[in-house]
Amino acid sequence: MDTLLQQLINGLTLGAVYALVALGYTMVYGIIGLINFAHGEVVMIGTMVAFTIIVSLAGSGMPPLLILSVGLLIAVVACMVLGWGLERVAYRPLRHAPRLTPLITAIGMSIVLQNVAMIIWGRNYITFPPMIEKQIYEVAGASFTNVQVAIVVLAALVMIGLTYLVQRTRMGMAMRATAQNQHVAQLMGVDIDRVIAMAFIIGSALGALAGCMVGSYYEIAHYQMGFMLGLKAFTAAVLGGIGNMAGAMAGGLLLGIIEALGAGYIGDLTGNFLGSHYQDIFAFMVLIVVLMFRPSGLFGERTGDRA
Amino acid sequence: MAEQQTLLAAHEVAKHFGGVKALHDVSLTIHRGEIYGLIGPNGAGKTTFFNCLTGLYRNEGGHFVFDGVKLEADAPHKAAEVGIARTFQNIRLFGNMTAIENVMVGRHLRTRAGVFGAISRNSATRAEEAAIARRADELLHYVGIQERSHDYARYLSYGDQRRLEIARALATEPKLLALDEPAAGMNGTETEALRVLVEGIRRDGVTVLLIEHDVKLVMGLCDRVAVLDYGEKICEDVPAIVQKDARVIEAYLGG
């Protein structure tokens, strides 16, 4: 019982991060049908930028929470610019190219970003400085930290805000309209270049936030961290139904929980033949099962009906 | 009749698909405040003309002058910006959005609030969004489907979907409303209601360009009519004269 509750809590934390990253994949896919494989690297860059800012401010005597907030804010802004730049430089010129072309470009951008990060931040694991005094709470035999609470609460708030933005505002409506039919949206006066850029900018901002969360949670960062995180979040987006925002949120949470439960019980199930370091296999088992049996994902249809 | 001002002039517009000449140097002039009909047999190039006008296709020859300004139709949202709105032969609504949301998208162009407004929720943004919703509601009322306001567009009846498309187009505050076969698939009652609606739109100061197969509707509604056949304009005049034109009769009945 302890394991169950504990792993549910851990899964929720991880799932909140996956959900934020998955939203970046799904928003871009919903609007231009591109799987932006460089998104994981955007998340990584966000983590690294936050790391640099936090480390350089650490000795300045500013309150830790303020340092963390400044680091987060600068990382978010940096990733917004990066996401915008990626779209402008790498994807927009290929808007009318065959679908495979931007996909390969995305993989290329992913490699470029990884290598740039390696040059700037080195090949070694970086210790993400813990800025918040860690407190551990115990409930019914399971423990969790204030960092975990902050991650889940912040992710929830951001997702509520995003839902509001997309469902209720003028820009959100333009995004949904563009997802459903680009030509018609244009004829109604929507500048789809702006809408597409906005999808990248918002997705990248969410990614930067998620990156900072991962960094604070594991207290570690690495120039290759975006690859696995991106792949997991992509799995979450597919699980929820890629292109569907509610699906990305649900898929992220579900995947986090599946993974945590898998990691928690794999030892028991295999007589300790396999340990919790095999937790990654669960995400990819989920991906395979979804693609085999329900390729459209849990939420069925895409947000937009592509003509 | 009042003084006739030109709203739209097409000058020798040409468009071909491979070897097929869809439009062959089509010139026509639409006056401000009139209802102008564009008719012709299937495949005559009517919709192609619409697509060139609204920037969905790039015409190879000729150009459009709209409201005194030459159109640089390189992006459809610019056509909307100068004041051309359209509906589609095969209805193209945003099916997964409600009726009122569809119309609100049409207001996008005439409102300003950017992302930062949307995020910060300042009072100007809130007031603007309230105004958008109010105007969208008025437009739904105007076309007579106000009670369907919060239904998803894909669940509306066929006739209501056509009305919604018109409301959405009107939301962009067009000077020229281009309707692509609005009566297609409508029964007699619905067509009559459409006729009343289009006349009302004209009365409210919007010029109407109408592509239509229903010859009776066109002849009863339009001030002037142009006939296309195999991508060429074969006639342009008031309905009474067009109806008697030998080439038009030949085009429709076959020669």
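All of these numbers come straight from a predicted model, not from anything done at the bench. (Residues numbered from 1 in each chain as written. Chains lettered and ligands numbered in written order. Predicted model: local features only at pLDDT ≥ 70, side-chain atom pairs only at ≥ 80, totals over all residues.)

Engineer: Please set out the overall build of chain B residue by residue, giving values where relevant.
Structural biologist: Assigned secondary structure in chain B consists of 10 helices and 10 strands. A globule of 255 residues ought to have a C-alpha radius of gyration of about 18 Å, and chain B, at 19 Å, matches this closely. Based on the C-alpha atoms only, the size of chain B along its principal axes is roughly 65 × 40 × 40 Å. Buried positions account for 44% of the 255 residues belonging to chain B. (Helix = DSSP H or I, 4+ residues; strand = E, 2+ residues; numbered from the N terminus. Rg over C-alpha atoms; globule rule 2.2 N^0.38 Å. Buried ≥ 20, exposed ≤ 12 C-beta atoms within 10 Å, placed from the backbone.)

Engineer: Could you give me a rundown of the overall build of chain A, with the residues and numbers involved?
Structural biologist: Along its length, chain A carries 11 helices and four strands. For chain A, whose C-alpha radius of gyration is 19 Å, the value lies close to the compact-globule estimate of 19 Å for 307 residues. Each principal axis of the C-alpha distribution contributes one length, and for chain A these read about 60 × 50 × 35 Å. Sorting the 307 residues of chain A into buried and exposed places 52% on the buried side. If you take every contact in chain A between residues at least 6 apart in sequence, the share linking residues at least 24 apart comes to 77%. (Contact = placed C-beta atoms within 7 Å.)

Engineer: A description of the interface of chain B and chain A should follow, citing residues and the corresponding values.
Structural biologist: With 28 residues of chain B at the interface, the matching set in chain A holds 22 residues. At the level of elements, α2 (76-82), α3 (99-106), α4 (115-120) and α5 (123-143) of chain B are the ones that each hand at least two residues to the side of chain B that touches chain A. In terms of residues, the side of chain B that touches chain A owes the most to one element, α2(B), which gives five residues. Broken down by class, the residue content of the side of chain B that touches chain A amounts to 14 nonpolar, eight polar and six charged. (Nonpolar A, V, L, I, M, F, W, Y, C, P; charged D, E, K, R; others polar.)

Engineer: Explain the environment of Gly61(B) to me, using residue names and the numbers behind them.
Structural biologist: Residues and elements named next belong to chain B. Relative to the helices and strands, Gly61 resides in strand β4 (residues 61-66). On the basis of neighbour count, Gly61 is assigned to the partly exposed category, with 14 C-beta atoms found within 10 Å. Among all residues touching Gly61, those that are not within four sequence positions of it are Glu12, Val13, Ala14 and Asp25.

Engineer: Talk me through the domain arrangement of chain B; I want residue IDs and the actual numbers.
Structural biologist: Residues and elements named next belong to chain B. Partitioning chain B into structural domains gives domain 1 (1-83 + 175-255) and domain 2 (93-173). Taking only C-alpha atoms, the centre of domain 1 and the centre of domain 2 are 26 Å apart. Counting from both sides, the interface comprises eight residues of domain 1 and, opposite them, nine residues of domain 2. Among the secondary structure elements, those contributing two or more residues to the side of domain 1 that touches domain 2 are α2 and α7 (188-203). Its residues assigned to classes, the side of domain 1 that touches domain 2 comprises five nonpolar, one polar and two charged. (Domains from an automatic or database assignment.)

Engineer: Describe the pairing of strand β3 (residues 35-39) of chain B, with residues and values.
Structural biologist: Residue and element names in this part refer to chain B. Counting buried residues along β3, five of its five residues qualify, which places the element largely inside the surrounding structure. Side-chain alternation along β3 places Ile35, Gly37 and Ile39 on one buried face and Tyr36 and Leu38 on a second face that is also buried. Note that β3 and strand β8 (residues 207-211) share four bridges and pair parallel. Bridge pairing in β8 places Leu38 opposite Ile211. Relative to strand β9 (residues 224-229), β3 is paired through four bridges, and the arrangement is parallel. (Pairing = 2+ DSSP bridges.)

Engineer: A description of helix α1 (residues 2-32) of chain A should follow, citing residues and the corresponding values.
Structural biologist: Between its first and last C-alpha, α1(A) extends 45 Å over 31 residues, near the 45 Å set by a 1.5 Å rise per residue. The buried fraction of α1(A) is high, at 24 of 31 residues. (Expected span 1.5 Å × (residues − 1).)

Engineer: Account for the confidence of the model for chain B, with residues named and values stated.
Structural biologist: Residues at a pLDDT of 70 or more form 93% of chain B, whose mean pLDDT is 86. The complex model carries a pTM of 0.85, and its ipTM stands at 0.78. (pLDDT = per-residue confidence, 0-100.)

Engineer: Any chance you could break down helix α2 (residues 39-57) of chain A for me, citing the residues and the numbers?
Structural biologist: Helix length check: α2(A) (19 residues) gives 27 Å between terminal C-alpha atoms against 27 Å at 1.5 Å per residue, within 8%. The buried fraction of α2(A) amounts to 14 of the 19 residues, a majority that puts the element mostly inside the structure.

Engineer: Describe the packing of helix α6 (residues 170-180) of chain A against α3(B), and please don't skip the residues or the numbers.
Structural biologist: Between α6(A) and α3(B), whose axes approach to 9 Å, the crossing angle comes to 100 degrees. If you check the angle between α6(A) and α3(B), you find them roughly perpendicular. Two secondary-structure elements touch here, α6(A) through Met173(A), Ala174(A) and Ala177(A) and α3(B) through Glu101(B), Met104(B) and Val105(B). A breakdown of the residues in the contact of α6(A) with α3(B) according to their chemical character gives five nonpolar, no polar and one charged. (Axes fitted to C-alpha atoms, helices over the stretch in contact; angles between N-to-C directions. Parallel < 35°, antiparallel > 145°, perpendicular 65-115°, else oblique.)

Engineer: So, the sheet that holds strand β10 (residues 232-237) of chain B: which residues are in play, and what are the values?
Structural biologist: Residue and element names in this part refer to chain B. Taken in spatial order, the six strands make up an open sheet running β6-β7-β8-β3-β9-β10, and their pairing is mixed. Only two strands of the sheet have a single partner each, and these edge strands are β6 (84-86) and β10. When the angles between neighbouring strand axes are averaged without regard to direction, this sheet yields 20 degrees. Where helix α1 (residues 46-53) meets the sheet, its contacts fall on β3, β6, β7 (176-180), β8 and β9, and the angle it forms with β7 comes to roughly 145 degrees.

Engineer: Can you lay out unusual backbone geometry for me, pointing to particular residues and giving the numbers?
Structural biologist: Located in the positive-phi region is Ala140(A), a residue other than glycine, with phi close to 50 degrees. Residue position: Ala140(A) is located in the loop between β2 (136-139) and β3 (142-145). Taking the C-beta count within 10 Å as the criterion, Ala140(A) has 9 such neighbours and is therefore assigned exposed. For Asp67(B), which is not glycine, the phi dihedral falls at a positive 55 degrees. Checked against the element boundaries, Asp67(B) lands in the loop between β4 and β5 (69-70).

Engineer: I'd like a rundown of the environment of Gly251(A), residues and numbers included.
Structural biologist: All names here are of chain A. By the secondary structure assignment, Gly251 is in helix α10 (residues 245-269). Of the residues examined, Gly251 has 32 C-beta atoms within 10 Å and is grouped as buried. Between the alpha carbons of Gly251 and Gly15 there is a distance of 8.2 Å; along the sequence they are 236 residues apart. The contact partners of Gly251, leaving out residues within four places of it in the chain, are Ala22, Ala236, Ala237, Leu239, Gly240, Gly297 and Leu298.

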